[in-house]
Amino acid sequence: MKLLIASDIHGSAMYCRQLAEAITREKADKLLLLGDILYHGARNELPAEYAPKVCTSLLNGLSVPVYAVRGNCDSEVDQMVLHFSIMAEYGLIFWGGRTLFITHGHHYNLAALPPLAPGDILLHGHTHVPAWKAFGTDNYYLNPGSVTMPKENSERGYMVLEGSCVQWKKLDGTIYHELTL
């Protein structure tokens, strides 16, 4: 099973299209979106090709199942146009003997940890900065960065989780970091 993980599209049709291409290129089985899908947010500049309706069509038309959590820029109006649920503040995925606690990151993060067991993984976006950090008792914090608006000189990109291997990739598919859990 191959999971493609992305966050912070913020309504950019250009980068949403590139993400859709990555899903096909990666032969991902599922897409996990960590919030901030359609709206750019009042603090952000308009992203390139800002077109939430186009993003909606692209995401609703994907051939893989989409699982998502709510970001601080997502709303009930967004849920009305998307064909997959985005309103959960967090979710749990059981993966290779570990639990992935998935959230956007504005409520649960390293400074405000959710209840985690040894070996669990905290997975969130929100910061727009890719991250991989061990903490606690065999716990990890993982962040795919942002598809559209990367910060701190990071690249636009996503993560791929397959087995115990996690890869951070640029939108063109180039690997720039890899981790074995």
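Residues numbered from 1 in each chain as written. Predicted model: local features only at pLDDT ≥ 70, side-chain atom pairs only at ≥ 80, totals over all residues. Heavy atoms only, no water.

Draft legend 1. Geometry of the side chain of Asp36. Counting through the fold element by element, Asp36 comes out in the loop between β2 (30-33) and α2 (52-60). Of the buried charged residues, Asp36 lacks a salt bridge, with Arg43 as the closest side chain of opposite charge at 6.5 Å. For Asp36, the contacting residues outside a window of four places in its chain are Asp8, Ile9, His10, Gly71, Asn72, Cys73, Asp74 and His104. (Helix = DSSP H or I, 4+ residues; strand = E, 2+ residues; numbered from the N terminus. Buried < 20%, exposed > 50% of the residue type's maximum accessible area, 1.4 Å probe, protein only. Lys, Arg positive; Asp, Glu negative; His and termini not counted. Salt bridge = Lys/Arg side-chain N within 4 Å of Asp/Glu carboxyl O. Contact = heavy atoms within 4.5 Å.)

Draft legend 2. Looking closely at α2. Buried within α2 we find Cys55, Thr56 and Leu59. For α2, the angular spread of buried residues about the axis comes to 105 degrees, placing them on one side. Pointing more than 90 degrees away from the buried face of α2 are the exposed residues Lys53 and Ser57. Residues of α2 that are buried make contact with α1 (13-26), β2, β3 (66-68) and α3 (76-81). (Arc of directions from axis to C-beta.)

Draft legend 3. The packing of α1 against α2, seen in detail. One way to put it is that α1 packs onto α2 with a least axis distance of 9 Å and a crossing angle of 10 degrees. With respect to their mutual orientation, α1 and α2 come out roughly parallel. Here Ala13, Cys16 and Arg17 of α1 come into contact with α2, specifically with Val54, Cys55, Leu58 and Leu59. Of the residues assigned to the contact of α1 with α2, the class counts are six nonpolar, no polar and one charged. (Axes fitted to C-alpha atoms, helices over the stretch in contact; angles between N-to-C directions. Parallel < 35°, antiparallel > 145°, perpendicular 65-115°, else oblique. Nonpolar A, V, L, I, M, F, W, Y, C, P; charged D, E, K, R; others polar.)

Draft legend 4. Representation of the nonpolar core in the model. Counting 27 residues, the largest nonpolar core has Leu4, Leu19, Leu31, Leu33, Ile37, Leu59 and Phe84 as the members making the most contacts within it. Put simply, the parts of the chain that give this core at least two residues each are β1 (2-6), α1, β2, α2, β3 and β9 (157-162). It is α1 that provides the largest number of residues to this core, a total of six residues. Excluding residues that lie within four positions of it along the chain, Leu19 makes contacts with Leu4, Ala6, Ile9, Leu33, Val147, Tyr158 and Leu171. With 17 residues, the next largest nonpolar core counts Leu32, Val69, Tyr140 and Leu161 among its residues. (Core = buried A, V, L, I, M, F, W, Y, C linked by side-chain atoms within 4.5 Å.)

In short, geometric facts, not functional conclusions.
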